[in-house]
Amino acid sequence: LVEAACATGRVEVRYRARVAGLVVEGGRVVGARLVRDGAPEEVAAGLVVGADGSHSQVRQALGIELNRQPYDHGYWGIALDRP
């Protein structure tokens, strides 16, 4: 997904950055406030994708609830180093 998005030439992916907040203007998200290597950075964006898991700070900042439902399946998670 990342490779296809970057191939458009219109997408920039930030690794090793933490979202510290969203930039909101006129009720719309127009960017994100990041912390990368300890330095704050504000990034303008037409689309902000919060791929930060079930405890998403992006989702919480927007007030979007996550309705959880138990299921009788096993779940395995593997932590790998990203590039």
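Right, let's walk through the structure included here. Just so it is clear, the structure is predicted and the values come from calculations on it, not from any experiment. (Residues numbered from 1 in each chain as written. Predicted model: local features only at pLDDT ≥ 70, side-chain atom pairs only at ≥ 80, totals over all residues. Heavy atoms only, no water.)

**Remarks on the overall build of the protein**
Stage number 1. Tallying secondary structure elements over the protein gives two helices and three strands in all.
Stage number 2. Of the regular secondary structure in the protein, the N- to C-terminal order runs α-β-β-β-α.
Stage number 3. For the protein, the C-alpha radius of gyration of 15 Å lies well beyond 12 Å, the compact-globule estimate for 83 residues.
Stage number 4. Taking all 83 residues of the protein together, 11% fall into the buried category.
Stage number 5. Expressed as a percentage of contacts within the protein between residues at least 6 apart in sequence, the contacts between residues at least 24 apart total 18%.
Stage number 6. Accessible surface, the protein: about 7,500 Å² in total, of which carbon and sulfur atoms supply 52%.
Stage number 7. Averaging the coordinates of the 10 positive side-chain charges in the protein and doing the same for the 10 negative ones gives two points 2 Å apart. (Helix = DSSP H or I, 4+ residues; strand = E, 2+ residues; numbered from the N terminus. Rg over C-alpha atoms; globule rule 2.2 N^0.38 Å. Buried < 20%, exposed > 50% of the residue type's maximum accessible area, 1.4 Å probe, protein only. Contact = heavy atoms within 4.5 Å. Areas by Shrake-Rupley, 256 points an atom, 1.4 Å probe, with all protein chains shown as cover. Lys, Arg positive; Asp, Glu negative; His and termini not counted. Charge placed at Lys NZ, Arg CZ, Asp CG, Glu CD.)

**Focus: a nonpolar patch on the surface**
Stage number 1. Taken together, the side chains of Val2, Val11 and Val13 present a nonpolar region at the surface, about 190 Å² in accessible area.
Stage number 2. Position of valine 2 relative to the elements: it lies in helix 1 (residues 2-7). (Patch = residues over 30% accessible without salt bridge, like charges linked within 9 Å, V, L, I, M, F, W, Y side chains within 5 Å. Salt bridge = Lys/Arg side-chain N within 4 Å of Asp/Glu carboxyl O.)

**Here we look at the pairing of strand 3 (residues 39-44)**
Stage number 1. Of all six residues making up strand 3, only zero are buried, and the element is barely covered by its neighbours.
Stage number 2. Where strand 2 (residues 28-36) folds back on strand 3, the antiparallel hairpin that results is connected by two residues, among which aspartate 37 adopts a positive phi of roughly 55°. (Pairing = 2+ DSSP bridges.)

**Some thoughts on the environment of valine 35**
Stage number 1. Secondary-structure assignment places valine 35 in strand 2.
Stage number 2. Accessibility expressed as a relative area gives 21% for valine 35, which makes it partly exposed.
Stage number 3. For valine 35 and cysteine 6, which are 29 residues apart along the polypeptide, the C-alpha to C-alpha distance reads 22 Å.
Stage number 4. Filtering out sequence-adjacent residues up to four positions away, valine 35 remains in contact with Arg16, Ala17, Arg18, Ala20 and Pro40.

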